[in-house]
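# Tertiary structure, described
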Amino acid sequence: MKFLTYFFIAIASTLLVILLSLSSCSPTPQATPPPPAVMDHPATTQPQATTSPTQAPPQPSHPPTTATVKIHNFKFEPANVTIVAGETVQFINVDEEPHTATSTEGTFNSKALDTNQTWNYTANQPGSFPYICSIHPFMKGTLTVTPKKT
Ligand SMILES: [Cu+2]
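Residues numbered from 1 in each chain as written. Predicted model: local features only at pLDDT ≥ 70, side-chain atom pairs only at ≥ 80, totals over all residues.

This paragraph deals with the overall build of the chain. Helix and strand counts for the chain come out as one helix and eight strands. Taking all 150 residues of the chain together, 15% fall into the buried category. Long-range contacts, defined as pairs at least 24 residues apart, comprise 50% of the intrachain contacts of the chain with a sequence gap of at least 6. (Helix = DSSP H or I, 4+ residues; strand = E, 2+ residues; numbered from the N terminus. Buried ≥ 20, exposed ≤ 12 C-beta atoms within 10 Å, placed from the backbone. Contact = placed C-beta atoms within 7 Å.)

Following this line, the structure appears as structure tokens:
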């Protein structure tokens, strides 16, 4: 029967086409992602996320206070303070009212200090610096800064 022959030929050619198409597809596989980089010894590498609290470097804190001016009863106590250039004077307000230590020449200004609030001023410039409380200008003081000893 010629029909069966054609039928088988058709089947065979169809299979051949399918095989060819499959084989032509095979050289271009889907790009597979590279395997994740695995460290050779993951157990020996310690995570460095946490730092030891005992190894904290010394804080670069402000210079030590070498003079203290208490603001009390609407007065600077003492009203006259002398420090050496580079030293720090600390103002502390112990009044119930806010006060400031404000240089009349604009050299420094503590802004308003609430009760028991402190403010440190490190004076690097020698000179005599009168100051007031900008809220109560009748409060007066003078900060004297002597040149640094060499
Ligand atoms: Cu005041």
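Having put the structure on the table, let's press on.
As for its position among the elements, S134 is in the loop between β7 (127–132) and β8 (140–146). With 17 C-beta atoms counted inside 10 Å, the residue S134 sits in the partly exposed group. Separated by 34 residues in sequence, S134 and T100 have C-alpha atoms that sit 6.0 Å apart. Look past the residues within four positions of S134 in its chain and what remains in contact with it is T100 and T102.

A separate point is the pairing of strand β4 (residues 88–93). Residues of β4 alternate between two faces, with V89, F91 and N93 buried on one and T88, Q90 and I92 left unburied on the opposite face. In this structure, β4 lies alongside strand β6 (residues 118–122), joined through five bridges in antiparallel fashion. Its bridge partner lying in β6, F91 is registered against W119. (Pairing = 2+ DSSP bridges.)

With respect to the secondary-structure elements, T146 resides in strand β8. Looking at T146, the number of C-beta atoms within 10 Å reads 14, which means it is partly exposed. The sequence separation of T146 and A85 amounts to 61 residues, and the corresponding C-alpha distance is 5.9 Å. Not counting residues up to four positions away in its chain, the partners in contact with T146 are T82, V84, A85 and P126.

Our focus in this paragraph is the sheet that holds strand β1 (residues 65–72). Pairing is mixed in the open sheet, where four strands are placed in the order β2-β1-β4-β6. Each edge of the sheet is formed by a strand with only one pairing partner; in this case those strands are β2 (75–77) and β6. Averaged over all pairs of adjacent strands, the angle between their axes in this sheet comes to 25 degrees, without regard to strand direction. (Axes fitted to C-alpha atoms, helices over the stretch in contact; angles between N-to-C directions.)

Below, the discussion takes up the sheet that holds strand β5 (residues 102–103). Pairing in this open sheet of four strands is mixed, and the strands run β3-β8-β7-β5 from one edge to the other. Bordering the open sheet on either side are β3 (80–84) and β5, each of which pairs with just one other strand. Relative to β8, β3 runs parallel, the two being bridged by five bridges. In the strand pairing of β8, N80 is matched with T142.

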